[in-house]
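Chain by chain, the residues:
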Amino acid sequence: MLKNAIFDFGGVVYAYNTDDITRAFFPNESERLQVKPILYRNWQSIDEGAIDYAEYAESTVQRVPESLREATRHFFRDWLHVEPPKPEIWALIAELKARGVNVYLLSNAPTYFAERLGDYPILKLMDGIVVSGAIQKSKPNADIFEYTLNKFGLNAEESIFIDDNSPNVEAAEKCGLHGFTYHGEIESLRAKIEALMK
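Cut-offs used in this document
- Residues numbered from 1 in each chain as written.
- Predicted model: local features only at pLDDT ≥ 70, side-chain atom pairs only at ≥ 80, totals over all residues.
- Heavy atoms only, no water.
- Helix = DSSP H or I, 4+ residues; strand = E, 2+ residues; numbered from the N terminus.
- Buried < 20%, exposed > 50% of the residue type's maximum accessible area, 1.4 Å probe, protein only.
- Contact = heavy atoms within 4.5 Å.
- Polar contact = N/O pair within 3.5 Å; in protein donor to acceptor, adjacent residues only side chain to side chain.
- Phe/Tyr/Trp six-rings, centres within 6.5 Å; stacked < 30°, edge-to-face > 60°.
- Lys NZ or Arg CZ within 6 Å of the ring centre and 35° of its normal.
- Pairing = 2+ DSSP bridges.
- Axes fitted to C-alpha atoms, helices over the stretch in contact; angles between N-to-C directions.

1. Side note on the environment of Ser132
Stage number 1. Within the secondary structure layout, Ser132 lies in helix H8 (residues 132–135).
Stage number 2. We classify Ser132 as buried; its relative accessible area is 0%.
Stage number 3. Note: C-alpha distance between Ser132 and Gly49 (83 residues apart in sequence) is 7.0 Å.
Stage number 4. Residues within four places of Ser132 in sequence aside, it is in contact with Asp47, Glu48, Ser107, Asn108, Ala109, Lys137, Ser138 and Ile144.
Stage number 5. Engagement of the side chain of Ser132 in a polar contact is seen with the backbone oxygen of Asp47, the distance being 2.5 Å.

Given below as structure tokens:
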């Protein structure tokens, strides 16, 4: 029987599109296309906690044209506030909580995100949160799923992991969790959850 639901953040609880995010700071399309590869050149390393966020941000500022440096600083301060929530997932989280299912967050994200969890009201409903940059483990590596299960005392077979990235879901399933790759198919997700709760 399902007792735990573990959600990814970007692309599941909130929208996440790097084009939309960068447009908020670089409205000139040619400038945006110029700077975007520089902004994200090694983002995986800050998600993994291998590089200090502030150092990465400042080194990036020094790599862009001088005319774009202030916008780049603004990006590193506020990118995490650009994308909107996914209301259908928020509703599902509230319903699961009301039905006694524990709800967790497992996100690949920098330490900067981990320090600002209070900016997101929905996260107050979470029974536990794991952010990759803060623990230097990241999806789709098995160790982050094992860490999450052990940290909160969860049984894999009683848990479902929802992510928009299929390799992450496949990795969770290899660790014994149920998985669902989410790209907006809310009714299919609900149906799977219902089946697991029987």
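2. Remarks on the environment of Glu48
Stage number 1. Take Glu48: it is sitting in the loop between helix H3 (43–47) and helix H4 (53–63).
Stage number 2. Look at Glu48 and you get partly exposed, because its relative accessible area is 25%.
Stage number 3. A sequence separation of 90 residues divides Glu48 from Ser138, and the C-alpha atoms of the two residues are 5.7 Å apart.
Stage number 4. If near-sequence neighbours (up to four positions away) are discounted, Glu48 is found in contact with Ser132, Gly133, Gln136, Lys137 and Ser138.
Stage number 5. Engagement of the side chain of Glu48 in a polar contact is seen with the side chain of Gln44, the distance being 2.8 Å.

3. A few points about the packing of aromatic side chains
Stage number 1. Under the counting rule described, the total for this entry stands at 19 aromatic pairs.
Stage number 2. Each ring, one from Trp43 and one from Phe76, has its centre 6.1 Å from the other, and the planes form 20°; the classification is stacked. With Trp43 in helix H3 and Phe76 in helix H5 (residues 69–78), the pair connects residues that are 33 residues apart, well separated along the chain. Across the pair, exposure class does not vary: Trp43 and Phe76 are buried alike.
Stage number 3. Taken together, the aromatic side chains of Phe25, Tyr40, Trp43, Tyr53, Tyr56, Phe75, Phe76, Trp79 and Tyr112 make up a single cluster linked through ring pairs.
Stage number 4. Directly above the ring of Tyr56 sits Arg41, whose terminal nitrogen or CZ lies 4.5 Å from the centroid.

4. A word on the sheet that holds strand S3 (residues 128–131)
Stage number 1. On the basis of which strands lie adjacent, the open sheet formed by five strands has the order S3-S2-S1-S4-S5 and parallel pairing. Of all strands in the sheet, those bounded by a partner on one side alone are S3 and strand S5 (178–181). The mean inter-strand angle of the sheet, taken between neighbouring strand axes irrespective of direction, is 20°.
Stage number 2. Both strand S4 (residues 159–163) and S5 contribute to a ladder of four bridges, which runs parallel. Each residue of the ladder has a partner; that of Ile162, found in S5, is Phe180.

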